[in-house]
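# Commentary on secondary and tertiary structure
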Amino acid sequence: MSTSTAGTRRFRRSALVGAVVATALGGGAILAACGTGGQDGAGDAGPAKLSVADSYIPLPPAGGMGAGYLTVRNDGGPDQLVKVTSPAAGSVTIHRSTASTMEQVDSLDVPAHGALQLARGGTHLMIMGWQKAPALGDELELDLTFAKSGTISVKVPVKELTYRPGQS
């Protein structure tokens with residue numbers, strides 16, 4: 001084999017290795033560029049635009065714990081419900097129920113352009129330490145605190161124990 005043939009093969013091999021490395025690095029840069037800007041899904045959604053609907057508290061037993069249900073609608077970017085308080089109750093905690101357990105949680109996600117539904121058998125509020133025993137027709141103020149949107153105050157009606165929204 002001549003020196004020029006061996007030199008040509010080395011050159012081709014080096015050029016091929018260089019092309020592979022350049023392609024790999026270029027592809028990585030493209031993938032990195034695709035991943036920037038709004039990795040949490042908020043890039044295009046903007047700030048959260050929250051509203052509360054279908055809120056109610058089934059009449060609790062005298063002096064007992066109560067449950068709170070509502071729907072947080074979101075016409076904007078994602079947020080999180082991080083705290084609930086009430087001037088009329090000693091404590092309000094956020095819970096999640098499964099088929100066999102109920103556990104307190106620190107927060108609940110409010111999806112972008114979606115809804116967080118607190119409903120019987122699922123996520124809900126537990127209300128304890130009433131300032132005065134609630135009666136049918138009373139309204140309890142709940143202050144819902146969100147990670148990005150701040151606090152929204154809502155008046156939640158006390159309904160009969162068998163009440164279900166949307167049913168007469």
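These lines cover the structure that appears in this document, whether it is placed above or below. Since the structure is predicted, the reported quantities are computational estimates derived from the model, not experimental observations.

### With respect to the nonpolar core
Residues Val84, Leu125, Leu142 and Leu144 are the most contacted members of the largest nonpolar core, which totals 24 residues. Looking at which element gives the most residues to this core, the answer is strand E9 (residues 139–146), with four residues. Non-local contacts of Leu125, meaning those with residues more than four positions away in its chain, are made with Gly66, Ala67, Gly68, Leu70, Val84, Val92, Thr93, Ile94, Leu118 and Leu142.

### Section: unusual backbone geometry
For Asp54, which is not a glycine, the phi torsion comes out positive at approximately 55 degrees. Of note, Asp54 is situated in strand E1 (residues 50–58). For His113, which is not glycine, the phi dihedral falls at a positive 50 degrees. With respect to the helices, strands and loops of the structure, His113 is situated in the loop between strand E6 (108–110) and strand E7 (115–118).

### Remarks on the pairing of strand E8 (residues 123–130)
Across the eight residues of E8, six count as buried, placing the element largely inside the fold. Where strand E2 (residues 66–74) and E8 come together, three bridges link them in antiparallel fashion. If you follow Ala67 over to E8, its bridge partner there is Met126. As paired strands, strand E4 (residues 89–97) and E8 are joined by seven bridges and run antiparallel to one another. Pairing of Arg96 across the sheet is with Thr123, part of E8.

Calculation criteria
Residues numbered from 1 in each chain as written. Predicted model: local features only at pLDDT ≥ 70, side-chain atom pairs only at ≥ 80, totals over all residues. Heavy atoms only, no water. Core = buried A, V, L, I, M, F, W, Y, C linked by side-chain atoms within 4.5 Å. Buried < 20%, exposed > 50% of the residue type's maximum accessible area, 1.4 Å probe, protein only. Helix = DSSP H or I, 4+ residues; strand = E, 2+ residues; numbered from the N terminus. Contact = heavy atoms within 4.5 Å. Pairing = 2+ DSSP bridges.

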